[in-house]
Amino acid sequence: ETYMQPGNGPDGVEYCSWQEIQDLVHKIAAALHGKAIAKYDCILAIANGGIIPAKLLAEELGIRRIMLIPVHEKQIVEAEMPRLEAGKKYLVVDDIYDTGDIYQKVARATRGFDCTFVFCMSRYSQEFGAYGKLLNHKRWIVFPWEKTQA
């Protein structure tokens, strides 16, 4: 399945459509159901890329509570971190696993809590989180909620 839109290709940019995001969210939800895991208490959306996928996953999985993990200029804003509770199950959502930098920072910030990580897309095959699509290229991904350079 390819979602390439005009302008995609070896020029270093790939545009992701809303339809692809819906499909990836559906695929992630199915993978989570397949693992027969207990229901999540809350979704943690990694700002900013994870906000829209988190909302879509919340609807798909019937999860009513969403909190933001505040990331600004690739750093977690510690003062704005939500208070997590022991014994609760969290689903941490981001748009893409790229370099792993943000993931590592969020994993450190949520250490000791029951967190499952999911990504719409991943540049690497990895075991610690579910993802909807494994990328086989290094092109920059432009998500449908991002401004494109005119």
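Residues numbered from 1 in each chain as written. Predicted model: local features only at pLDDT ≥ 70, side-chain atom pairs only at ≥ 80, totals over all residues. Heavy atoms only, no water.

### Observations regarding unusual backbone geometry
For residues that are not glycine, phi is negative in most cases, and the peptide bond is trans in most cases.
Point 1. Cis geometry is found at the peptide bond from A47 to N48, where omega equals 0°.
Point 2. Structurally, the position occupied by N48 is in the loop between β2 (42-46) and α2 (51-61).
Point 3. Residue K74 is not a glycine yet carries a positive backbone phi of 70°.
Point 4. On the secondary structure map, K74 appears in the loop between β4 (71-72) and β5 (75-76). (Helix = DSSP H or I, 4+ residues; strand = E, 2+ residues; numbered from the N terminus.)

### Some details on the nonpolar core
Point 1. I43, L57, L91, V118 and M121 are the most contacted members of the largest nonpolar core, which totals 26 residues.
Point 2. Every element with two or more residues in this core is listed here: α1 (18-34), β2, α2, β6 (89-97) and β7 (114-122).
Point 3. Those residues in contact with V118 that lie beyond four places of it in its chain are I28, L32, L57, L91, V92, V93, D94 and A130.
Point 4. Within the second largest apolar cluster, 18 residues are counted, among which are I46, Y97, V106 and F117. (Core = buried A, V, L, I, M, F, W, Y, C linked by side-chain atoms within 4.5 Å. Buried < 20%, exposed > 50% of the residue type's maximum accessible area, 1.4 Å probe, protein only. Contact = heavy atoms within 4.5 Å.)

### What about helix α3 (residues 101-109)?
Given 3.6 residues per turn, any residue in an α-helix points the same way as the ones three and four places further on.
Point 1. Where α3 is concerned, the buried positions are I102, Y103, K105 and V106. The arc that holds every buried residue of α3, seen down its axis, measures 165°, which confines them to one face.
Point 2. Residues of α3 that are buried sit in contact with β2, β3 (66-69), β4, β5, β6 and β7. (Arc of directions from axis to C-beta.)

### Details of the pairing of β6
Point 1. Among the nine residues of β6, nine are classified as buried, and the element is accordingly described as predominantly covered.
Point 2. When β2 meets β6, the two strands line up parallel, connected through four bridges. Residue pairing across strands places C42 opposite Y90, the latter belonging to β6.
Point 3. Bridging between β6 and β7 involves eight bridges; their strand directions are parallel. Each bridged residue has a counterpart across the sheet, and for Y90 the counterpart in β7 is C115.
Point 4. For the crossover that starts at β6, traverses α3 and ends in the parallel β7, the hand is right-handed. (Pairing = 2+ DSSP bridges. Right-handed = clockwise from strand over helix to strand, strands pointing away.)

### Here we look at the confidence of the model for the protein
Point 1. Looking at the protein as a whole, its pLDDT mean stands at 88, while 87% of the residues score no less than 70.
Point 2. This stretch, residues 1-6, has a pLDDT under 50; its non-local contacts, to residues over four places away or in other chains, come to 13 contacts. (pLDDT = per-residue confidence, 0-100.)

### Some thoughts on the pairing of β7
Point 1. Buried residues dominate β7, accounting for seven of its nine residues.
Point 2. Looking at chain direction, β7 and strand β8 (residues 129-134) are connected through five bridges and run parallel. Across the sheet, residue F119 finds its bridge partner in β8, namely Y131.

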